[in-house]
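# Chain and residue survey
Single-letter residue listing:
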Amino acid sequence: MRSRQPYGVLACATILALAGCASGGGTSSSIPLGTGPVASSVPRSPTSAESQPSTPPPGSEDGTTPPAASDGGATTAVPTTTAPTAASVQPTSTTPPDPASIAMTDIASVEGAVDLAFRADDPTLFVVSRSGFVVALRNGVVDDTRLLDITGDISAGGEQGLLGLAFSLDGRHAYVDYSNKDGDTEIVEYAVGVDGVFDPTSKRRLLEIDQPHANHNGGQVRIGTDGYLYIGMGDGGSANDPDRRALDLGQLLGKMLRIDPTASGDSPYSIPPDNPFVGVDGARPEIWSIGLRNPWRFSFDRITNDLWIADVGQGEWEEIDAAWADAGSGRGANFGWSAFEGTHRFNDDQSADGSTPPIWEYEHGDAGCSVSGGVRYRGSALPTLYGYYVYGDYCSGQVRALEILDTRTADAEVVLATLSGISEVAQGPDGELYVLSVEDGIVYAVQAAN
């Protein structure tokens, strides 16, 4: 059972805060936490990096957009005493980032920009629109040619739409996550040409998952260095995990899934043999991790292969989860929802045993109300940002850099900028950062200020 007791108080850097969608005002509390146990004791061999790093307010209980925010105060951090467990941890820069030295440069306009992906040996940035299309961003210029256009096949708006894109390791196939006309999640494969154009005749549906409600759809897909497809699935929506799906091993909702896109017999995909619940009676073998509310954006550390998940909270707390590569990169991990919201006990009828607490949480209010992940920065243009986990909040519009210590704990965060309607903080092929605004349709490059 996870600990919920603070061990001390450490003043965090004062930030420009914005009021979120929750009632009440005042300061918010950001609490760094330990990593806790992993539910499975059989780790996957660690690898090195993801092929690329990924809604609107993904956490609103009724699927509606939270109201805009206004100025606020500061945060308070509570450090943990959790000890380091591996030498592979890559700490943050010893020089804290100065927000004045970092610029958010508007480099492109794409309606409903919601995800950014890239493929091997191609400098193109592929920008995903929630409305249902993909365009190329090359040398700072958006090509208006739609590489993929499925606007007529989807339900779009709110937390629905074309939500995620990933490429196979060889770049020849693409995988998209979208809400179909019935509002259900579809995971589809396309062949992709050398020119980056998706072949519509090659469409192959891998997976369709019923969505009982219009919110908490997840939407991120990523290819790991193992070549497998990772899929973030929300708990099915409404509020409070009403049907208790997130911890139910017989349900795909509220999970991180992992599949091999290769067909097997009559199935359009295969199950990786080392998935943690293969052969477990009553469990879906596609499941990689459980206990997630709405893992809207997740990423793999391109150096360590640690899995980072920004899981949108219910009504009070947002959380960031870290699953270390040498402990399996989330293999068999239980991230706690809906027994917990963050570190706080939630549904008492759900077991609290074996859950992994977040490395960081923050309270609804000035800091926001809907977390949008998020990658650990491994580029070279901003050395003081190296190793920080950079993420945003949809409600407050804050872009934040979270310090990660070599003790595998988070210590403090710095607000780098305040934008609007952040859907994702993503990385390009060189590890440099981009911030997407789904509301303004802007792609920002995170660069050194002049």
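Report follows, based on the coordinates.

## As for the sheet that holds strand β23 (residues 371-376)
Each strand in a sheet pairs with its neighbour through backbone hydrogen bonds, running either in the same direction (parallel) or in the opposite one (antiparallel). Reading across the sheet, the four strands line up as β23-β24-β25-β26 and stay open at both edges, with antiparallel pairing between neighbours. Where the open sheet ends on each side, the last strands, each with one partner, are β23 and β26 (410-418). Averaged over neighbouring strand pairs, the angle between their axes works out to 25° when direction is ignored. With six bridges connecting them, strand β25 (residues 398-404) and β26 associate as antiparallel partners. The partner of Val 399 across the bridge, within β26, is Ala 417.

## Describing the pattern of salt bridges
Overall, the coordinates contain 16 salt bridges when judged by the stated rule. By sharing partners, the salt bridges in this structure join Asp 115, Arg 222, Arg 297 and Glu 424 into a single network.

## A few points about the nonpolar core
Core analysis: the biggest nonpolar cluster contains 38 residues, and Leu 165, Phe 198, Ile 320 and Ile 359 have the highest contact counts within it. When residues of this core are assigned to their parent elements, the largest contribution, four residues, is made by strand β9 (residues 162-167). Non-local contacts of Phe 198, meaning those with residues more than four positions away in its chain, are made with Val 134, Leu 147, Leu 148, Leu 165, Phe 167, Ala 174, Tyr 190, Ala 191 and Val 192. With 24 residues, the next largest nonpolar core counts Ile 231, Met 233, Leu 253 and Ile 259 among its residues.

## Quick word on the pairing of strand β11 (residues 185-192)
Within β11, seven of the eight residues are buried, which leaves it mostly tucked inside the rest of the structure. When strand β10 (residues 173-179) meets β11, the two strands line up antiparallel, connected through seven bridges. When the sheet's bridge partners are listed, Tyr 175 is paired in β11 with Glu 189. Sheet topology note: the β11/strand β12 (residues 198-209) ladder contains seven bridges and is antiparallel. Within β12, the position partnered with Glu 186 by the bridge is Glu 208. Counting the residues between successive antiparallel strands, the hairpin from β11 to β12 contains five residues, one of them, Gly 196, with a positive phi of roughly 85°.

## Considering the sheet that holds β11
Read across the sheet, four strands follow the order β9-β10-β11-β12 without closing on themselves; strand pairing throughout is antiparallel. Every other strand in the sheet has two partners, leaving β9 and β12 as the edge strands with one partner each. The sheet shows a mean angle of 25° between the axes of neighbouring strands, taken without regard to direction. Looking at chain direction, β9 and β10 are connected through five bridges and run antiparallel. Opposite Leu 165, over in β10, you have Val 176 as the bridge partner.

What counts as what
- Residues numbered from 1 in each chain as written.
- Predicted model: local features only at pLDDT ≥ 70, side-chain atom pairs only at ≥ 80, totals over all residues.
- Heavy atoms only, no water.
- Pairing = 2+ DSSP bridges.
- Helix = DSSP H or I, 4+ residues; strand = E, 2+ residues; numbered from the N terminus.
- Axes fitted to C-alpha atoms, helices over the stretch in contact; angles between N-to-C directions.
- Salt bridge = Lys/Arg side-chain N within 4 Å of Asp/Glu carboxyl O.
- Core = buried A, V, L, I, M, F, W, Y, C linked by side-chain atoms within 4.5 Å.
- Buried < 20%, exposed > 50% of the residue type's maximum accessible area, 1.4 Å probe, protein only.
- Contact = heavy atoms within 4.5 Å.

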